[in-house]
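# Fold and contact review
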Amino acid sequence: MSQVFAPPPDIDRLRSRAWLAAAVGIAVSAGGFFLDRGQFFRSYLVSWLFWLGIALGCYAVALLHQLSRGAWGLMIRRALGAATRTLPLLLLLFVPIVVGLSEIYVWARPEAVAADEVIQQKSWYLNRNGFLLRAALYFLIWMGPAWLLNRMSLRQDAAADDRTFRRMQGIAAPALGLYCLAATFASVDWLMSLNPHWYSSLWGVNFIGGHAVSAFAFIIPVALFLAGRKPMDEQFQPRHFHDYGKLLLAFVMLWTYFQLSQLIIIWSGNLPEEVTFYLTRTEGGWLWVSILLAVGHFALPFVLLLSRDLKRDARKLAWVAVVLLVMRWVDLYWQAAPAFAHGEGQHGLHLHWLDLSTMVGIGGLWLAVYFGELKKRPLLPAFEPYLREAVADE
Amino acid sequence: MSDPLGKAPIVAPGHTAGSVTDKISSIVFERTPRWWWAAFGASFLLVMMLLHSLTKLLFTGVGIWGINIPVGWGFAIINLVWWIGIGHAGTLISAILLLLRQEWRTSINRFAEAMTLFAVACAGIFPLIHVGRPWLAYWLLPYPNTMELWPQFRSPLIWDVFAISTYATVSALFWYVGLIPDLATLRDRSVQRWKKMLFGAFAMGWRGSAVHWHNYEVAYLMLAALATPLVVSVHSVISFDFAVGQLPGWHATIFPPYFVAGAIFAGFAMVLTLSIPLRRLFRLEDFITLRHIQNMAKVMLATGLIVAYGYMTEIFMAFYSGNQFEEFMILNRIAGPYRLYWWALILTNVLAPQAIWLRKVRTSPALIFLVAMFVNVGMWLERYVIVVTSLSRDFLPSSWGTYSGTYWDWSLFIGTIGLFLALIFLFIRFLPMISIFEMRTILPGAKGNPE
Amino acid sequence: MNGVEQETVGTYGLMAEFESPTGLIAACEAAREAGYTKLDAYTPYPIEAVWEALGHHKSKVPLLVLLGGLAGASGGFLFQYWVSVVAYPMNIGGRPFNSWVAFLIPSFEMMILLAAFAAVLGMFILNGLPMPYHPVFNVERFAQASRDRYFLLIGKIDPHFDPTETRRFLEGLAPVEVAEVEE
């Protein structure tokens, strides 16, 4: 195991394509900013949450692997690690949301708050300074341990000792707990408060479950890319993809479980302040989005992922992953967008080209940075006590 | 942990398929140890107490309990949820850990499954007796009747009927299927003819042929894959009993996942409570090693944190909601008439398990046992707080009331603990409490490939 | 067991006992190469390699489970639909008669229940259990098959079966013992 697993050189090709996409997406979105400022910020929020979800999901999965040490995780450890190093970029990309805060959130508009007693009651939590302070805290909670673990992982490569290994495990447990806490409050701040009257205590868990789906839906295509090239082509085996497929299936089921639990409780309770969430999402065009979500985010991937043969076929599995990645955006859009229309008398579904261009802009930028980070380190850690087991033949 | 990577053996070195078989089956064939009689006798006395209370209840009615208006749901539902929750760890150890290929589950799964079965049996008593006229409990089932009535499927109480009966059935199937090859082993080890006949009848002629094993393994995996979502659904349905209502403190969307986590938490605590003394008494330290105890303790800690997360979310959402009833509910829990229960709950369920972070605690079965006992109590308190504080003070102050259990409430509850223990003692006496055939598979060289 | 007293009974087949799984797997492969087809192996625990060495096909249990699950889910839902919409429609808090959100739960439970029964009963039927009597139990050493010994059986119905020839073949595989299985 003294071989160094240098990343394949054609990552650069992907990287330059990502830069190109970033340039186009950002240019178009900038145009949109001047044409329709409100729409720009609203589209931007959903796109930013989508890419943030991938990065945070990868972070959480990396922590989970650090704790449980399955063979599945070692093969993608460095690919996950690279995603955790994109968090500073995502913090930078948070700035436009701060700028457009009052365009996005009702509670950030003083005149709206003055007219709404419920929001006034919540202003101890929903206020500009609190929002910013908390966001800073979330990023500190996520980036701090991520930075530490990335540094230690590198040190572990240099000096083979199991002290670092043990200490990384010791950091991962509290880091995972803190991640969940921060993500819960972040989900309230960034998504739930779009509709400041509505609340659901499952929301944070649902947000976290979505991250996990995002992480696997993203990392499977990356693993497919790496598995097709030297030096990892000899290391990846069908059983690794089998494991990723199983985990993806598990998280898809978890996501469905959260969604259904929330639906059953709110539908049965039938309280006016709660059930509006589902009423707006089953009217007009939104009904079709809801159905699309049920089919695309659950039924279809569920049925496909039950097949053992499909899970062991990296290419087919990657297709399912891509479908789910698209569905992740649909899910976030479904959660956020009906709230935007609220109050302006338009409940219907209004897709805008800015939804696409901000996705491409942020995505291009994020992927360019991601592939840059992926290139920086060997694809397998040099010292890892379980490495031999992980790459062993079936 | 002895080695730096935490890969301590799950079976002490030196064991072979033969020695594993002999050691575990010998517990069934040996003379009954004296302590067994004492332990079984004590739990049997509690069973007698249970029967006494049940008789009194049947002749007098549920008026002997502490329930009143507004607290119409008292010990019966608290105990139901407590017992069902305890059962869940058994299914989880068997099913989820099997799917995750965690070989350490092998020494504890049989035992944990039996625990599930007995816990569900204890749980099942309460919904039956709380209906007031248990001899009419079959009215809950959908069947064609002369009154042309049908159940109302929008109610979580009918969901309970389906969920709990399915759970009991599937748990029993899982447990029995797991036992078949071991029953064949006992049949072949038995000396007396009647024992041979008895074990043989239940082994159904199992021969261990390659065809048998193949279908068996596939069926067992399928059962595991079915039991996993089932377990999640069962405790979610239990949580719906509360959550689909509109009472503050009950109507919260976080309930299903947090109830499921609480169930696993309670269940692992109970597995630890039982396995730590039993491994000593039967000298099974070779099979139930410190690694098992530690792994279970870690699962207990992790699920305990999820439960704590649930408490925190409830509190935060109550204040975030801007709903005065929600806020009052939380303040009432913390500082109202039942505050002692709430603070005891925080101590036992949230603070006590944090001791497992300490290496010193993790390496001492005695200390882990202590923590598990705290959790056993804490999970009962949790349900007490949820049921009683919410019901006793709802929207209208004029309809507020107070609640406390009577002697009959307590005797029924403690009686079911006796029933549970009595069943456990019978099980460990007459059946192999560790899966023998699965233990053989985790020995070195078992897979038939050269090591 | 009591085969000693009996005089002349038919032969069911020949059985070789091995001490290790590797010995059994090698024997299975050798027997298949020698052209035997009516083989069965007996082991104290499941060994996938034995199954592969015997060259068997996939189990039908998953298919049965799928059918059971589908029957349970659809049957459960349709039953609730019939009860709540056709047989006994009742207005509960203004909710629709076809309250599919609520019906999901009993349907799910029925799916699991029937799928689990399909798995267990399917396994019994495919394995031909319960079967109180089987000739292999007549071999005295066979009791060890549920402890730590591994057995290979070549049935009499095998077209290549020949009492002396097959015995010689089995003895050449380094078994602990070769025994005749009486009918």
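Remember, it's a predicted structure, so these values are computed and weren't measured experimentally.

Time to look at the overall build of chain C. Helix and strand counts for chain C come out as five helices and four strands. Its C-alpha atoms give chain C a radius of gyration of 25 Å, more than 25% over the compact-globule value 16 Å for 183 residues. Relative to its 183 residues, chain C shows a buried fraction of 46%. Summarising the internal contacts of chain C: among those between residues at least 6 apart in sequence, 78% fall at separations of at least 24. Of the roughly 8,900 Å² of accessible surface on chain C, a fraction of 60% belongs to carbon and sulfur atoms. In chain C, which carries 11 positive and 20 negative side-chain charges, the distance between the mean positions of the two groups comes to 8 Å.

Taken as a whole and assessed by the stated rule, the structure comprises 14 salt bridges over all chains. The residue K375 of chain A makes a salt bridge to D12 of chain A at a minimum N-O spacing of 3.1 Å. On the criterion of sequence distance, the pair formed by K375 of chain A in helix α18 (residues 353-375) and D12 of chain A in helix α1 (residues 11-35) is long-range, its members being 363 residues apart. Residue classification places D12 of chain A among the partly exposed residues on the basis of a relative accessible area of 33%. R110 of chain B is paired through a salt bridge with D182 of chain B; the nearest N and O atoms lie 3.1 Å apart. With a gap of 72 residues between them, R110 of chain B in helix α4 (residues 109-130) and D182 of chain B in helix α5 (residues 156-189) connect regions that are remote in the sequence. In this structure, R110 of chain B and D182 of chain B share a single accessibility class: buried.

Attention shifts here to the interface of chain B and chain A. Contact residues are listed per partner, giving 31 residues for chain B and 41 residues for chain A. Buried area between chain B and chain A, summed over both chains or domains, comes out near 3,200 Å², and the portion from carbon and sulfur atoms is 67%. One can count zero salt bridges joining chain B with chain A. Joining chain B to chain A, the criterion identifies 11 residue pairs in polar contact (both at pLDDT 80 or more). Sorting the residues of the side of chain B that touches chain A by element identifies α7 (210-243), α8 (255-281) and α9 (290-321) of chain B as the ones contributing at least two each. In terms of residue count, the dominant contributor to the side of chain B that touches chain A is α9 of chain B (eight residues). Of the residues belonging to the side of chain B that touches chain A, the class tally is 19 nonpolar, nine polar and three charged.

Put simply, an interface is often sized by how much accessible area is lost when its parts join up. As far as domains go, chain C holds domain 1 (11-58 + 130-182) and domain 2 (61-126). The centre of domain 1 of chain C, based on its C-alpha atoms, is set 44 Å off from the matching centre of domain 2 of chain C.

Another point: the pairing of strand β1 (residues 11-18) of chain C. Regular strands show a simple pattern: their side chains alternate between the two faces of the sheet. Residue and element names in this part refer to chain C. For β1, a buried count of six out of eight residues is recorded, marking the element as mostly surrounded by other parts of the structure. Across six bridges, the pairing between β1 and strand β4 (residues 177-182) is antiparallel. Paired with L14 across the two strands is E180, which belongs to β4. Examined bridge by bridge, β1 and strand β3 (residues 150-155) share six bridges and lie antiparallel to one another. Bridge pairing in β3 links M15 to L153.

The interface of chain B with chain C comprises 58 residues on the first partner and 65 residues on the second. Where chain B abuts chain C, roughly 5,300 Å² becomes buried across the two surfaces, and 71% of that area is made up of carbon and sulfur atoms. The largest share of the area that chain B buries against chain C comes from W150, R154 and R207 of chain B, three residues that together contribute 16% of it. The tally of links between chain B and chain C comes to 16 residue pairs in polar contact (both at pLDDT 80 or more). Among the secondary structure elements, those contributing two or more residues to the side of chain B that touches chain C are α1 (17-29), α5, α7 and α15 (436-441) of chain B. Element by element, the count of residues in the side of chain B that touches chain C is highest for α7 of chain B, at 18 residues. When the residues that make up the side of chain B that touches chain C are grouped by side-chain class, the tally is 32 nonpolar, 16 polar and 10 charged.

Taken residue by residue, helix α11 (residues 339-351) of chain B has W342, L345, I346, T348, N349 and V350 of chain B as its buried positions. Residues of α11 of chain B that are buried sit in contact with α8, α9, α10 (324-335) and α13 (365-392) of chain B.

This part covers the confidence of the model for chain B. Residues and elements named next belong to chain B. Residues of chain B with pLDDT of at least 70 account for 96%, and the chain-wide mean is 87. Model confidence for chain B, summarised as mean pLDDT per element, is weakest for α1 at 78 and strongest for α11 at 93. Within the model, pLDDT remains below 50 along residues 1-6, and this stretch shows 15 contacts once partners closer than five positions in the same chain are excluded.

Residues W48, W142, W190 and Y370 of chain A are the most contacted members of the largest nonpolar core, which totals 344 residues. In terms of residue count, the dominant contributor to this core is helix α2 (residues 37-68) of chain A (19 residues). Both domains that furnish three or more residues to this core are identified here as domain 1 (11-58 + 130-182) and domain 2 (61-126) of chain C. Core analysis: the next-biggest nonpolar cluster, separate from the first, contains 11 residues, V136, F142, F151 and A179 of chain C among them.

All names here are of chain B. The topology assignment puts W65 in the loop between α2 (34-60) and α3 (75-99). The exposure class assigned to W65 is buried, which follows from its relative accessible area of 7%. Along the primary structure W65 and S404 are separated by 339 residues, whereas in three dimensions their C-alpha atoms are 9.1 Å apart.

Let's shift gears to the sheet that holds β1 of chain C. Paired through backbone hydrogen bonds, the strands of a sheet run either parallel or antiparallel to each other. All names here are of chain C. The strand order across the open sheet built from four strands is β2-β3-β1-β4, with neighbouring strands paired in antiparallel fashion. Pairing within the sheet leaves two strands with one partner each, and these edge strands are β2 (39-42) and β4. Each strand axis lies, on average, 25° off the axis of its neighbour in the sheet, ignoring direction. Sheet topology note: the β2/β3 ladder contains four bridges and is antiparallel.

Our focus in this paragraph is a nonpolar patch on the surface. Residue and element names in this part refer to chain A. A cluster of nonpolar side chains, contributed by L287, W288, I291, V295, L300, L304 and V323, occupies part of the molecular surface with about 600 Å² of accessible area. Tallying contributions element by element places helix α15 (residues 284-305) first for the nonpolar patch, with six residues. If you trace the backbone, L287 turns up in helix α15. For L287, a relative accessible area of 33% corresponds to the partly exposed category.

A word on a positive patch on the surface. All names here are of chain A. Where like charges cluster on the molecular surface, the positive patch consists of R151, R155, R163 and R167. Of all the elements in the fold, those that place two or more residues in the positive patch are α10 (128-158) and α11 (162-190). Note on placement: R163 falls in helix α11. Overall, the relative accessible area of 65% leaves R163 in the exposed class.

Mapped onto the fold, L24 of chain C is located in helix α1 (residues 21-33). Between the C-alpha atoms of L24 of chain C and F151 of chain C, which are 127 residues apart in sequence, the distance is 6.9 Å.

Moving on: the packing of aromatic side chains. Each aromatic ring pair is characterised by the separation of its centres together with the angle its planes make. Counting across every chain of the model gives 93 aromatic pairs over all chains. Between Y138 of chain A and W190 of chain A, the aromatic rings sit 5.8 Å apart at their centres with planes inclined by 75°, giving edge-to-face as the arrangement. With a gap of 52 residues between them, Y138 of chain A in helix α10 and W190 of chain A in helix α11 connect regions that are remote in the sequence. Judged by its relative accessible area of 3%, Y138 of chain A falls in the buried class. A relative accessible area of 0% places W190 of chain A in the buried class. The aromatic ring of W334 of chain A is capped on one face by R281 of chain A, whose charged end is 5.5 Å from the ring centroid. Its guanidinium or amino end placed over the ring of W267 of chain A, R95 of chain C lies 5.5 Å from that ring's centre, counting from NZ or CZ.

Rules used throughout
- Residues numbered from 1 in each chain as written.
- Chains lettered and ligands numbered in written order.
- Predicted model: local features only at pLDDT ≥ 70, side-chain atom pairs only at ≥ 80, totals over all residues.
- Heavy atoms only, no water.
- Helix = DSSP H or I, 4+ residues; strand = E, 2+ residues; numbered from the N terminus.
- Rg over C-alpha atoms; globule rule 2.2 N^0.38 Å.
- Buried < 20%, exposed > 50% of the residue type's maximum accessible area, 1.4 Å probe, protein only.
- Contact = heavy atoms within 4.5 Å.
- Areas by Shrake-Rupley, 256 points an atom, 1.4 Å probe, with all protein chains shown as cover.
- Lys, Arg positive; Asp, Glu negative; His and termini not counted.
- Charge placed at Lys NZ, Arg CZ, Asp CG, Glu CD.
- Salt bridge = Lys/Arg side-chain N within 4 Å of Asp/Glu carboxyl O.
- Buried area = accessible area lost by both parts, 1.4 Å probe.
- Polar contact = N/O pair within 3.5 Å; in protein donor to acceptor, adjacent residues only side chain to side chain.
- Nonpolar A, V, L, I, M, F, W, Y, C, P; charged D, E, K, R; others polar.
- Domains from an automatic or database assignment.
- Pairing = 2+ DSSP bridges.
- pLDDT = per-residue confidence, 0-100.
- Core = buried A, V, L, I, M, F, W, Y, C linked by side-chain atoms within 4.5 Å.
- Axes fitted to C-alpha atoms, helices over the stretch in contact; angles between N-to-C directions.
- Patch = residues over 30% accessible without salt bridge, like charges linked within 9 Å, V, L, I, M, F, W, Y side chains within 5 Å.
- Phe/Tyr/Trp six-rings, centres within 6.5 Å; stacked < 30°, edge-to-face > 60°.
- Lys NZ or Arg CZ within 6 Å of the ring centre and 35° of its normal.

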